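Residue-level listing of the chains:
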Amino acid sequence: MQIFRTVLGDVPAEESGRILTHEHLLYGYPGAELDHRTVFDHPAAVERVSGQIIDGMIPNGYNTLIDMTPAEVGRHPQFMVDVARRTGINVVAITGFFPERMGVPYYWRRQTVEELTEFFVRDLTEGMVFAWQQTPYKAGAIKIATGQESVFPKPSPVGAYGRHVHEVEDRLIRAAGKAAMETGCGINTHIDPMDFQVTNPGREQLEILDEVGMDLSKVIIGHAFVPPQVNMMREVLKMGANVQLDHIGIPWRIGSAEELDEAMANALVELIEDGYLDRIVLSFDRWFFNPRATVTESDPQLENEKVNLNYMFTSWVPRLKAKGVTDEQLDQIMIHNPRRILSIAV
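Residues numbered from 1 in each chain as written. Predicted model: local features only at pLDDT ≥ 70, side-chain atom pairs only at ≥ 80, totals over all residues. Heavy atoms only, no water.

A. The sheet that holds strand 3 (residues 18-23), seen in detail. On the basis of which strands lie adjacent, the open sheet formed by eight strands has the order 3-4-5-8-9-10-11-12 and parallel pairing. A strand with exactly one partner marks an edge of an open sheet, and here the two such strands are strand 3 and strand 12 (280-282). For this sheet the average axis-to-axis angle between neighbouring strands, irrespective of direction, equals 30°. Pairing of strand 4 (residues 62-67) with strand 5 (residues 90-96) involves four bridges; the strand directions are parallel. Bridge pairing links L65 to V91 in strand 5. (Pairing = 2+ DSSP bridges. Helix = DSSP H or I, 4+ residues; strand = E, 2+ residues; numbered from the N terminus. Axes fitted to C-alpha atoms, helices over the stretch in contact; angles between N-to-C directions.)

B. Geometry of the nonpolar core. L25, F225, M312 and W316 are the most contacted members of the largest nonpolar core, which totals 93 residues. Ranked by residues supplied to this core, first place goes to helix 8 (residues 257-273) with eight residues. Here W316 is in contact with L245, I248, D261, M264, A265, L268, L282 and Y311, once residues within four sequence places are set aside. Within the second largest apolar cluster, 12 residues are counted, among which are A13, I19, I220 and L342. (Core = buried A, V, L, I, M, F, W, Y, C linked by side-chain atoms within 4.5 Å. Buried < 20%, exposed > 50% of the residue type's maximum accessible area, 1.4 Å probe, protein only. Contact = heavy atoms within 4.5 Å.)

C. Molecular detail of the UniProt feature "modified residue: N6-carboxylysine" (unreviewed entry) in the protein chain. When the UniProt feature table is mapped onto this chain, "modified residue: N6-carboxylysine" (unreviewed entry) is found at K143. On the secondary structure map, K143 appears in strand 8 (residues 141-145). In this structure K143 comes out as buried when scored by relative accessible area, which is 3%. If we ignore the near neighbours within four places in the chain, the residues touching K143 are H22, H24, M68, P70, I94, T95, G96, F97, F98, N188 and H190. At a separation of 3.1 Å, a polar atom in the side chain of K143 contacts the main-chain carbonyl oxygen of M68. (UniProt positions renumbered as here; feature names shortened; annotations may be inferred. Polar contact = N/O pair within 3.5 Å; in protein donor to acceptor, adjacent residues only side chain to side chain.)

D. Quick peek at the pattern of salt bridges. Applying the stated rule across the entire model yields 19 salt bridges. Of the charged contacts, one joins R174 and D170 as a salt bridge, the two residues approaching to 2.7 Å between their closest N and O atoms. Of this pair, R174 and D170 are both found in helix 5 (residues 167-183), four residues apart, which corresponds to roughly one turn of the helix. Take R174 and D170: they sit in the same class, and that class is buried. (Salt bridge = Lys/Arg side-chain N within 4 Å of Asp/Glu carboxyl O.)

E. Quick look at the environment of A241. With respect to the element layout, A241 can be found in the loop between helix 7 (230-238) and strand 11 (242-245). Residue classification places A241 among the buried positions, given a relative accessible area of 0%. Along the sequence, A241 and K218 sit 23 residues apart, while their C-alpha atoms lie 6.9 Å from each other. Residues contacting A241, with those up to four places away along its chain left out, are L206, L216, V219, V236 and R279.

F. Focus on the pairing of strand 1 (residues 2-6). Most of strand 1 sits inside the fold, with four of its five residues counted as buried. As defined by bridge partners, strand 1 adjoins strand 13 (residues 344-345) across two bridges and the pair is classed as antiparallel. When the bridges of strand 13 are listed, I3 appears paired with I344. Pairing of strand 1 with strand 2 (residues 9-12) involves four bridges; the strand directions are antiparallel. Bridge assignment links F4 to a residue of strand 2, and that residue is V11. Turn length for the strand 1-strand 2 hairpin, with the two strands adjacent in sequence and antiparallel, is two residues.

Pasting the structure below:
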């Protein structure tokens, strides 16, 4: 039997509906939780996020959301549980960390691969820890992340084993692969598009997972289409992994949403024509609620918060259909592919 391990318990995979594979219900860069200016009213925030889901996900057939918020970037188990109860959707939490440059608290940088593996497994099988307290709410997938993104973004330098991967990130990826094999869960990743200038970051992540014996068909390379690097995606797909098309309606490192959407749609059609229909998933990478301080030049408000969830079917899907993508192909990408990759056999 295949299930999704949600924060409210295991759910049969066939009850997934459409699946958003990379979203953030509550998101704050590491340290934001210490700021007087980010304090929020929990019930009001739950109601606000739930309203967005009820208005934009449920009418469009989405019944499962993978909350890709890492442990140090505002992952809040009770918040996810309350939203899931309020809306009735399946919320799957992840275990994992942000890139070393932006996250991975000092405590965890000192841990061995074995210790990190145990942490991931316990998050997945016992429940996540929050504010020094054990919760009963389990994660259902693992996130790995690489990249040099910071206040002043630049490509990652050469790090561990000759790859553009930091030493701590390398350990975390190896631990993630071991934990995924032990629990049967899937892995979704974060890459920084800046690294396309110096390497294929998805390939480098997969090489490390392959070295520990991970089944790469259970891995999604996130942000692979931002902007589309079709030959690099082909390299990832030939390795047996999957690619995620995200930032729909959200410009990132590119001039406008229209420019990015059109480029991503053309690349998607090209990959479908190449025979990779069964290896692609879709998501927004939306921040549903981002408690934050004042907007400044060095800390801007990003477009991730602004896209309307209905945009998927008012703009994106019509764009794809105009290029010949069928309803059956869309179901494969929105339902069957993520269900296969991210469900767990029990």
